Amino acid sequence: MKILQRTLCVLAALSATASMSWAGESTTKIGGTFYYDYFVNTTSGADTLDAPTKGFELRRAYLTVKKSWGDMLFRYTSDVSFSEETGNLNAYTKYAYLQRKCMLIPGSVLMFGLHSPQTNGWVEGRWHYRSMAKTMSDEQKWTHSSQMGVGLQGKASGGAVEYYFDFNNGNGYKHRVAKDGMGFSGRLAFQPVPGLYLSGLFDSNTPGGDKTEANTYFEGLAG
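Just so it is clear, the model here is predicted, and its values are computed rather than measured. (Residues numbered from 1 in each chain as written. Predicted model: local features only at pLDDT ≥ 70, side-chain atom pairs only at ≥ 80, totals over all residues. Heavy atoms only, no water.)

## Overview of the sheet that holds strand β4 (residues 89–101)
Alright, step 1. Taking strand neighbours across the sheet as the criterion, the 10 strands line up as β1-β2-β3-β4-β5-β6-β7-β8-β9-β10 in an open arrangement whose pairing is antiparallel. Whereas interior strands pair on both sides, the edge strands pair on one side only; in this sheet they are β1 (26–40) and β10 (215–222). Put simply, the sheet's adjacent strands are angled 10° from each other on average, direction ignored.
Alright, step 2. Here strand β3 (residues 72–82) pairs with β4 via 11 bridges, running antiparallel. Opposite Arg 75, over in β4, you have Tyr 97 as the bridge partner. (Pairing = 2+ DSSP bridges. Helix = DSSP H or I, 4+ residues; strand = E, 2+ residues; numbered from the N terminus. Axes fitted to C-alpha atoms, helices over the stretch in contact; angles between N-to-C directions.)

This is how it looks when you write it as structure tokens:
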């Protein structure tokens, strides 16, 4: 039955895609973002340990491909990061989603797949120091930068009002779907004057598996 359901979902998605308008110019963009540094450990006695005391280090690398045509966009982004536990570079898929304008709500888009719910991403866009330090919610793992699910995002009132609503697996992009896992979030943001933001976020995640409790996070931001 599960195989049949998956097959029907794929056929439905293909049928919906085939019925969409393909009018408009098609563009492809390829880019990347890298975080690396040169470090020196000046701690007393550090040179007696096996760990390196200086050198160049790759901390993060994102490679992105965006393909757009008409009112649709497909994005794929890989995430390569250093693991402190193994000492190796780990590769993940961070974003892999299809985005389409929502005809029912002007100024909004629907997102399907592995995408950003803008839980900590919205704050990062105004933090401007991601290359130096993570935001508090990201550092404490209260929110996830990417989730597998469905999202509705958009702006109103000439961009003064922003909204982000999401329904997803609730366990981030580095973990597969788990039994009873689910998550949802909602953010409303208002910019009364340029440079001043008022935002509220509600985010609740149940990772699933042996973790059945919901981790709920509230955020308020003014600045």
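So that's the structure; there's more coming.
## Topic: the pairing of strand β7 (residues 161–168)
Alright, step 1. Judged from the eight bridges that link them, strand β6 (residues 147–156) and β7 form a sheet pairing that is antiparallel. Across the sheet, Gly 154 pairs through a bridge with Tyr 163, a residue of β7.
Alright, step 2. The antiparallel hairpin formed by β6 and β7 contains four residues in its connecting segment, where Ser 157 sits at a positive phi of about 55°.
Alright, step 3. Taken together, the eight bridges between β7 and strand β8 (residues 182–193) define a ladder with antiparallel strand orientation. Note on β8: the bridge partner recorded for Tyr 163 is Leu 188.

Take it as geometry only, folks, not as evidence of what the structure does.
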